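Observations on chain architecture
One letter stands for each residue in the lines below.
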Amino acid sequence: GSAVVSATSPRHPDVSVWHDAAVSAAVGIAATAVTYAAARALGGSVALGGLEAFAVFTSYSCTYLAVRQRRINYVVGMTSTVAYAVLFQRQGLYASMVLNLYLTPALIYGWFRWNRDSDTRPVTNLTWRSLPIYAAVTGAFYAGAVFVIDSFDGQMARWDAVILIGSMLAQFLLDNKKLENWIVWAVVNVVAIYVYAQAELYLAAAQYVLFLLNTVYGYWSWKRTM
């Protein structure tokens, strides 16, 4: 998806990582409350389960820290992906479950790839030469994901596979600080809103509405630091 505030670069020493971590918690709480209100508007009666609320809260906090280019977002992100994996398994959304199981250890790659906040990797653009490679690999993985989901009788296999493979691509681009990761996240978010609303996961669906809006902010914020 993955989330806000000033686009000040984390290389500026005037704002500490702990300040951003505290703000991310406040943002997570506030955004979860807004999401719950939106979910009630979308689906009427919405039961706010503890697991779903925790997953939503931590994912908001993680996304805020990613926009701020804070490396600690990976720690919060791993916590969120574990919670979401359990949640989606209970709903039969196996591709989304697999996605989060994949992201949990994959986030370790991003932790090392970003480097320390004081010496973080700069934001760059994708090259035209790399686009055919990304397209071919993504297409192959998508076809494989649809086949596997269909084999397990998962719900909405083709759409759920878009969330799975699109998120894997977007996360890889984010880990390597490619500006275009926000464009891929935007596509994933649109599909996720539809899929989770159909699965009656209204809290998650409403969350992805905010994530979709955040991709605009994330793109603008990262571009300013280039």
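Everything below is about the structure printed above this text.
Figured I'd write up the structure that's included with this text. A quick note: this is a predicted structure, and the numbers were derived from the prediction, not measured. (Residues numbered from 1 in each chain as written. Predicted model: local features only at pLDDT ≥ 70, side-chain atom pairs only at ≥ 80, totals over all residues. Heavy atoms only, no water.)

1. Section: the environment of Thr63
- Mapping Thr63 onto the fold places it in helix α2 (residues 50–67).
- Under the relative-accessibility criterion, Thr63 is labelled buried at 4%.
- Through-space distance from the C-alpha of Thr63 to that of Phe211 is 8.4 Å; in sequence the pair is 148 residues apart. (Helix = DSSP H or I, 4+ residues; strand = E, 2+ residues; numbered from the N terminus. Buried < 20%, exposed > 50% of the residue type's maximum accessible area, 1.4 Å probe, protein only.)

2. Re the packing of helix α7 (residues 181–198) against helix α8 (residues 202–224)
- Between α7 and α8, the shortest axis-to-axis distance is 8 Å and the interhelical angle comes to 170°. With respect to their mutual orientation, α7 and α8 come out roughly antiparallel. Contacts between α7 and α8 involve Asn181, Trp182, Ile183, Trp185, Ala186, Asn189, Val190, Ala192, Ile193, Tyr196 and Ala197 from the first element and Tyr202, Ala204, Ala205, Tyr208, Val209, Phe211, Leu212, Asn214, Thr215, Gly218, Tyr219 and Trp222 from the second.
- Looking at the contact of α7 with α8 residue by residue, the classes come out as 18 nonpolar, 5 polar and no charged. (Axes fitted to C-alpha atoms, helices over the stretch in contact; angles between N-to-C directions. Parallel < 35°, antiparallel > 145°, perpendicular 65-115°, else oblique. Contact = heavy atoms within 4.5 Å. Nonpolar A, V, L, I, M, F, W, Y, C, P; charged D, E, K, R; others polar.)

3. Things to note about the nonpolar core
- Phe88, Leu93, Ile163, Leu164, Tyr196, Leu201 and Trp222 are the most contacted members of the largest nonpolar core, which totals 53 residues.
- If you list the elements that add at least two residues to this core, you get α1 (17–43), α2, α3 (73–91), α4 (94–114), α5 (131–151), α6 (157–175), α7 and α8.
- For this core, the element with the most residues is α6, which contributes 10 residues.
- Filtering out sequence-adjacent residues up to four positions away, Trp222 remains in contact with Ala66, Val67, Gln69, Trp114, Val123, Leu174, Lys177, Lys178, Leu179, Asn181 and Trp182. (Core = buried A, V, L, I, M, F, W, Y, C linked by side-chain atoms within 4.5 Å.)

4. Notes on the pattern of salt bridges
- Under the definition given, this model contains 3 salt bridges.
- Asp117 serves as the salt-bridge partner of Arg70, at 3.4 Å between the closest nitrogen and oxygen. Of the two residues, Arg70 is situated in the loop between α2 and α3 and Asp117 in the loop between α4 and α5; the sequence distance between them amounts to 47 residues.
- Accessibility expressed as a relative area gives 4% for Arg70, which makes it buried.
- If you follow the salt bridges from partner to partner, you end up with Asp20, Arg68, Arg70 and Asp117 in one network. (Salt bridge = Lys/Arg side-chain N within 4 Å of Asp/Glu carboxyl O.)

5. With respect to the environment of Val56
- Mapped onto the fold, Val56 is located in helix α2.
- Since its relative accessible area comes to 0%, Val56 is described here as buried.
- Taking C-alpha positions, Val56 is 9.8 Å from Tyr36, a pair spaced 20 residues apart along the chain.
- For Val56, the contacting residues outside a window of four places in its chain are Thr32, Tyr84, Leu203 and Gln207.

6. Concerning the packing of aromatic side chains
- In total, this model carries 12 aromatic pairs according to the counting rule given.
- Each ring, one from Trp159 and one from Tyr194, has its centre 5.9 Å from the other, and the planes form 70°; the classification is edge-to-face. With a gap of 35 residues between them, Trp159 in helix α6 and Tyr194 in helix α7 connect regions that are remote in the sequence.
- Residue Trp159 is classed as partly exposed on the basis of its relative accessible area, which comes to 44%.
- With a relative accessible area of 40%, Tyr194 lands in the partly exposed category.
- Members of the aromatic cluster, connected to one another through ring pairs, are Tyr60, Tyr84, Phe88, Tyr196, Tyr208 and Phe211. (Phe/Tyr/Trp six-rings, centres within 6.5 Å; stacked < 30°, edge-to-face > 60°.)

All quantities given are derived from atomic positions and should not be read as evidence of function.
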